[in-house]
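Spelled out, the chains give:
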Amino acid sequence: MRYEVDFLVIGSGIAGLSYALKVAPYGKVCILTKGDASEGSTKYAQGGIAAVMYDTDSFDKHIADTLVAGDGICDRDVVEMTIREAPERIRELVQYGVNFDMSTGGRFDLHREGGHSEFRILHHKDNTGAEIERGLLQAIHDHPNIELKENQFAIDIITQHHLGQRVTKHTPDIDCYGVYALNCKTNEIDTYLAKVTLLATGGMGNVYTTTTTPIISTGDGVAMVHRARGVLKDLEFMQFHPTSLYNPAEKPAFLITEAMRGAGAILKDRNGKEFMQKYDKRLSLAPRDIVARAIDNEMKQAGVEYVFLDARGIGKNELISGFPTIYAKCLELGINITKDMIPVRPAAHYQCGGVKVDRNGRSSIHHLYAAGECSCTGLHGGNRLASNSLLEAAVYAHNAAMDAIDIVKTTAINNAVPDWNAEGMVLNEEMVLITQTKKELQEIMWNYVGIVRSDLRLQRAFDRLNLIFRETEELYNRSVLTEELSELRNLIACAYLIIKQAKARRENVGLHYSIDLVK
Ligand code: FAD
Ligand code: SIN
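The rules behind the values
- Per chain, residue numbering runs from 1 following the sequence as it is written.
- For this description, chains carry letters from A and ligands carry numbers from 1, given in the order in which they are written.
- Per-residue local features of the predicted model are confined to residues with pLDDT of at least 70, and side-chain atom pairs are confined, for both listing and counting, to 80 or more; whole-chain, interface and lining totals are unaffected and use all residues.
- With hydrogens and water set aside, each side-chain value is computed from the structure's full complement of heavy atoms.
- Only a single heavy atom is needed: when it lies within 4 Å of a molecule or strand, its residue is near that molecule or strand.
- N or O atoms within 3.5 Å of each other form a polar contact, as long as, within protein, one can give a hydrogen and the other can take it, and as long as residues adjacent in sequence are counted only when both atoms are side-chain atoms.
- Note on areas: Shrake-Rupley with a 1.4 Å probe; residue coverage comes only from the protein chains shown.
- A pair of strands is labelled paired if DSSP reports no fewer than 2 bridges between them.
- For the purposes of this entry, the term helix denotes a DSSP run of H or I that reaches at least four residues, the term strand denotes a run of E that reaches at least two, and both are numbered from the N terminus.
- Whether two residues are in contact is decided by their heavy atoms: any pair within 4.5 Å suffices.
- Axes here mean lines fitted to C-alpha atoms, for a helix over just the part in contact, with angles spanning 0 to 180 degrees between N-to-C directions.
- Whenever Lys or Arg places a side-chain nitrogen within 4 Å of a carboxyl oxygen from Asp or Glu, that contact is recorded as a salt bridge.
- Three labels apply to residues, based on accessible area from a 1.4 Å probe with only protein chains included: buried if under 20% of the type maximum, exposed if over 50%, partly exposed otherwise in between.
- Lys, Arg, Asp and Glu make up the charged group, whereas Ala, Val, Leu, Ile, Met, Phe, Trp, Tyr, Cys and Pro make up the nonpolar group; the residues left over, Gly among them, are polar.
- Should the near helix be turned counterclockwise from the far one by less than a right angle, the crossing is left-handed, whereas a clockwise turn marks it as right-handed.
- Under the convention used throughout, the expected extent of a helix is 1.5 Å for every residue step, that is, one less than its residue count.
- A residue's bend is the angle separating two fitted axes: one through the seven residues that end there, the other through the seven that start there.
- For Phe, Tyr and Trp, rings pair up if their centres lie within 6.5 Å, where Trp contributes its six-membered ring, and each pair is then called stacked (planes under 30 degrees apart), edge-to-face (over 60) or tilted (otherwise).
- Surface patches are defined over residues having more than 30% relative accessible area and no salt bridge, joining like charges when they lie within 9 Å and nonpolar side chains (Val, Leu, Ile, Met, Phe, Trp, Tyr) when within 5 Å.

Novice: Lay out the site of ligand 1 in plain terms, naming residues and giving numbers.
Specialist: Taken together, 38 residues lie around ligand 1, and Thr 42, Gly 48, Asp 220, Glu 373 and Ser 389 are the ones closest in. Measuring from a nitrogen atom of ligand 1, one finds a side-chain N or O atom of Asp 220 at 2.8 Å. In the environment of ligand 1, an oxygen atom lies 2.7 Å from a nitrogen or oxygen atom belonging to the side chain of Glu 373. Relative to its unbound accessible area of 1,000 Å², ligand 1 is 98% covered by the protein chains.

Novice: How would you sum up the sheet that holds strand S17 (residues 375-376)? Please name residues and give values.
Specialist: Strand order across the open sheet formed by three strands is S10-S15-S17, with mixed pairing between neighbours. Both outer strands of the open sheet, strand S10 (232-233) and S17, are each paired with one neighbouring strand and no more. Packing of helix H6 (residues 220-227) onto the sheet brings it into contact with S10 and strand S15 (354-356), and relative to S15 it is tilted by some 50°.

Novice: Describe the pattern of salt bridges, and please don't skip the residues or the numbers.
Specialist: Pairing is possible between side chains that carry opposite charge, provided their charged atoms lie close to one another. Following the criterion strictly, the structure yields 33 salt bridges and no others. Across the pair Glu 85 and Arg 89 runs a salt bridge, and its minimum N-O distance is 2.8 Å. Here Glu 85 pairs with Arg 89, and both are found in helix H4 (residues 76-96), just four residues apart, close to one helical turn. Considered together, Glu 85 and Arg 89 belong to a single accessibility category, that of buried residues. A salt bridge links Asp 156 to Arg 227; its shortest N-O distance comes to 2.9 Å. One end of the pair, Asp 156, is in strand S7 (residues 152-158); the other, Arg 227, is in helix H6, and 71 residues separate them in sequence. Residue Asp 156 is classed as buried on the basis of its relative accessible area, which comes to 10%. By sharing partners, the salt bridges in this structure join Lys 22, Glu 85, Arg 89 and Glu 92 into a single network.

Novice: Could you give me a rundown of the site of ligand 2, with the residues and numbers involved?
Specialist: Looking at ligand 2, the residues that line it are Gly 47, Glu 113, His 241, Leu 255, Thr 257, Glu 258, Arg 288, His 349, Arg 384, Ala 386 and Ser 387. Glu 258 places a polar main-chain atom, nitrogen or oxygen, 2.7 Å from an oxygen atom of ligand 2. At 2.7 Å from an oxygen atom of ligand 2 is found a side-chain nitrogen or oxygen belonging to Arg 384. Across the shell around ligand 2, the residue classes break down as two nonpolar, five polar and four charged.

Novice: Report on the packing of helix H1 (residues 14-23) against helix H5 (residues 128-141), specifying residues and quantitative values.
Specialist: Relative orientation of the contacting elements H1 and H5 amounts to 35°, with a least axis distance of 10 Å. Crossing hand, H1 versus H5: left-handed. Seen from H1, the contacting residues are Ile 14, Leu 17, Ser 18, Ala 20 and Leu 21; seen from H5, they are Ile 132, Glu 133, Leu 136, Leu 137, Ala 139 and Ile 140.

Novice: Before we move on, can you summarise H4 with the specific residues and values?
Specialist: Given a rise of 1.5 Å per residue, 21 residues ought to cover 30 Å, and the 30 Å separating the end C-alpha atoms of H4 matches this to within 8%. Where H4 bends most, at Ala 86, the angle is about 45°, and the proline Pro 87 comes one to four residues later. Where H4 is buried, its residues touch H1, strand S3 (49-50), helix H3 (59-69), strand S5 (121-122), H5 and helix H11 (389-407). A distance of 3.1 Å separates the backbone nitrogen of Asp 77 from a side-chain oxygen at the start of H4, and that oxygen is part of Asp 75. Looking one or two residues beyond H4, the residue adopting positive phi is Gly 97, at roughly 115°.

Novice: Just give me the short version of the environment of Ile 49, but keep the residues and values in it.
Specialist: Mapped onto the fold, Ile 49 is located in strand S3. Assessed through its relative accessible area of 1%, Ile 49 is described here as buried. Remark: the alpha-carbon pair of Ile 49 and Phe 100, spanning 51 residues in sequence, is separated by 9.8 Å. Apart from residues no more than four positions distant in its own chain, Ile 49 is found in contact with Ile 90, Leu 93, Phe 100, Arg 120, Ile 121, Leu 122, Ser 387, Leu 390 and Leu 391.

Novice: Any chance you could break down the packing of aromatic side chains for me, citing the residues and the numbers?
Specialist: Scanning all chains against the criterion turns up 10 aromatic pairs. Ring geometry for Phe 462 and Tyr 496: centres 5.9 Å apart, planes at 35°, overall tilted. You can see Phe 462 sitting in helix H13 (residues 455-478) and its partner Tyr 496 sitting in helix H14 (residues 483-504), a full 34 residues away along the chain. A relative accessible area of 23% places Phe 462 in the partly exposed class.

Novice: Which residues make up a nonpolar patch on the surface, and what values do they have?
Specialist: The grouping of Met 425, Leu 427 and Val 480 at the surface amounts to a nonpolar patch, some 240 Å² of accessible area in total. Inspection of the secondary structure puts Met 425 in the loop between H11 and helix H12 (432-448).

Printed below as a string of structure tokens:
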């Protein structure tokens, strides 16, 4: 099938949905999402969204905290813009119908997380993301100009390459005409032509064995831009959240929000002794890279697979009412967090890098925007400050929308684009070729390209990845396309980019830490 729209959106998390709501008065909008509409990292966000809402805090402090966490390589102008825009974007979320917890005085109830010098995290209990997703989806469903299509898997961005022209990373004017997408219900590959396209495909946590991110986080947007020869940046900065619940059988790993440490929970070793004083004077509330490395070190030294988070000092009532989801989840596993310490370990959580965009969310490819976790704006630098990502997604969805509304007026659909050609492809009946390769890839990345790296580990990972890449390309070139195969290819592309950019970085900064670069 062929479809034509003004605004095409790939992804239905906070970035895709807030952009769609803003452009909808100006044309026909189509949102493609590969699973159920609500499935994505947004739904799982616990802690909340950072913004300066009252005079007790200041933009300058939030800016300073963001710059410190980013380890000196944030884009200062972007940081200033994002943080100053935050209160306006929060007010819009509230107008769309999103609820944040209020204190008794009628002000937003604010939490504090690692790296923040103030209480400035707006939240909805410990399930903020689910509330944001609910509110935005409701507003989307109520809008007559927006069509949201589930189970549609975007495979590739359509550019001049698909018109038979040679496109390299040096081609100056690569243009995006839309995407090819697999309809996962009919198994047909459809052509979506658009005047402008927004990528809002989220992160790539599934490159690693243990991740807090949902199964949809397979780096599809980044891989598509890589294949389309667009510019990508900062992919070596994968953020590992220090405290995912240790429950090895569970995927994704369940998050124990940093807000719990903000409320007073303390990291302890297997003997119940505090250890963060050995690593940082901010103790359990040091920035995430420092806490994750400290836990990694403690686990490796003791030869164990987890440490503990002790939340017992917070008080029973505050724990149960402030963290109801975590309380219930742990209880299900026989852990009463008001009495027992919580076993935790780090997990891949957030990709700071991605599709390089300017302040209007424009990528290096014309008519292609990116927002949310798949993008790299310069806000996070070497390490994202907690709860700055939902904010970044809202701010860049807004900026991209304002720009796209203008661009769409002078852009035409390119009707010369051919449909997808699947001639000669055969059905791959051996799923093991995909499932086993995915496991191998995740283990390579976890063991060699994780929290702590070295030149040797990176080279090993690179060599092993090469084999996996060649085998999978051969499979792809002869097989009928499926979501699983496409995701595997995308994960391999993302792993390759992470390793390549990690190898190129010759100093320890932010989340990139190599034992060979310690001074
Ligand atoms: P997502 O919400 O991940 O949505 C991506 C969308 O793209 C999905 O709809 C998916 O189906 C779709 N998609 C992907 N590939 C394709 C494709 N090929 N074709 C079609 N559709 C596709 N950040 C904070 O600021 N505060 C927090 O408290 C917080 N807590 C977090 C807790 C957890 C457990 C996790 C995992 C992350 C957390 N984060 C938090 C990070 C934050 O949630 C994400 O960065 C943010 O939600 C990303 O939003 P997004 O719209 O970019 O992507
Ligand atoms: C958390 O709640 O700890 C996650 C916050 C974030 O990832 O920004």
